[in-house]
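Each chain, written out:
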Amino acid sequence: VGPCTFGVYVGAVTSLAVGTWSRTAMLGLILGRDARGVFAFSATCTHSGCVVGAPDTSGNMVCACHGSRFDGAGRVLNGPAREPLQHYRVRICAGRVRVDRGEFVADTDRTPVT
């Protein structure tokens, strides 16, 4: 089984500019790209399971239920949430981005764009 079959397809890598984030509401993911590569994490707040809002221009996200704020890497800026948002393995195959929600990674993990 090749790496291009794991996870769910979330779009073309060319649609992700460096320094951008997007929320895929249907899949419950935040997808981003920085200078080191592409990353993905859960859009579900760790406080009570509500969905966090799409990242603002600085990359910060707010949970509308209780006001928890998260930074662009999913780390808690202020509670009531105490745990960061869960990061997932990203694979890029033939320009297609796939996210494997079954494989957890550190918030510093990035998949380089080559």
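A brief look at the structure comes next. (Residues numbered from 1 in each chain as written. Predicted model: local features only at pLDDT ≥ 70, side-chain atom pairs only at ≥ 80, totals over all residues. Heavy atoms only, no water.)

**Points about the side chain of D71**
Turning to its location among the elements, D71 is positioned in the loop between β6 (69–70) and β7 (76–78). On the basis of relative accessibility, which here comes to 14%, the residue D71 falls in the buried class. There is a polar contact of 2.8 Å between the side chain of D71 and the backbone nitrogen of A73. Sequence-distant contacts of D71, that is, excluding residues within four places in its chain, are made with G59, N60, M61 and L77. (Helix = DSSP H or I, 4+ residues; strand = E, 2+ residues; numbered from the N terminus. Buried < 20%, exposed > 50% of the residue type's maximum accessible area, 1.4 Å probe, protein only. Polar contact = N/O pair within 3.5 Å; in protein donor to acceptor, adjacent residues only side chain to side chain. Contact = heavy atoms within 4.5 Å.)

**Focus: the nonpolar core**
I30, F39, F41, A43, C45, C50, V52, M61, C63, F70, A81 and L85 together form the largest nonpolar core, which totals 12 residues. Within the second largest apolar cluster, 10 residues are counted, among which are L29, L31, Y88 and V99. (Core = buried A, V, L, I, M, F, W, Y, C linked by side-chain atoms within 4.5 Å.)

**Points about the sheet that holds β7**
Across the sheet, three strands lie side by side as β5-β6-β7; this open sheet has antiparallel pairing. Of all the strands in the sheet, the pair left with one neighbour each is β5 (61–62) and β7. When β5 meets β6, the two strands line up antiparallel, connected through two bridges. What sits directly across from V62, in β6, is R69. (Pairing = 2+ DSSP bridges.)

**Comments concerning the state of the cysteines**
As used in these notes, a disulfide is a covalent bond between sulfur atoms, one from each of two cysteines. Inspection of every chain in the model, using the stated rule, returns one disulfide. A sulfur-sulfur separation of 2.0 Å characterises the disulfide bridge that pairs C50 with C65. Between C50 and C65, the disulfide has an S-S torsion of -100° and is therefore left-handed. You can see C50 sitting in the loop between β4 (37–42) and β5 and its partner C65 sitting in the loop between β5 and β6, a full 15 residues away along the chain. Exposure remark for C50: the relative accessible area of 15% places this residue in the buried category. (Disulfide = S-S within 2.5 Å.)

**Notes on the environment of H66**
Along the chain, H66 turns up in the loop between β5 and β6. Each residue touching H66, except ones within four places of it in the same chain, is listed here: H47, S48 and P80. Of the polar contacts made by the side chain of H66, one reaches the side chain of H47; its length is 3.3 Å. Engagement of the side chain of H66 in a polar contact is seen with the side chain of S48, the distance being 3.4 Å.

**Regarding the sheet that holds strand β1 (residues 8–12)**
With antiparallel pairing, six strands are arranged side by side in an open sheet as β1-β9-β8-β4-β3-β2. Edge positions in the sheet fall to β1 and β2 (20–24), since each has one partner strand and no second. On average, adjacent strands in this sheet sit at an angle of 30° to one another, irrespective of strand direction. The pairing of β2 with strand β3 (residues 29–34) spans five bridges and is classified as antiparallel. Its bridge partner lying in β3, R23 is registered against I30. (Axes fitted to C-alpha atoms, helices over the stretch in contact; angles between N-to-C directions.)

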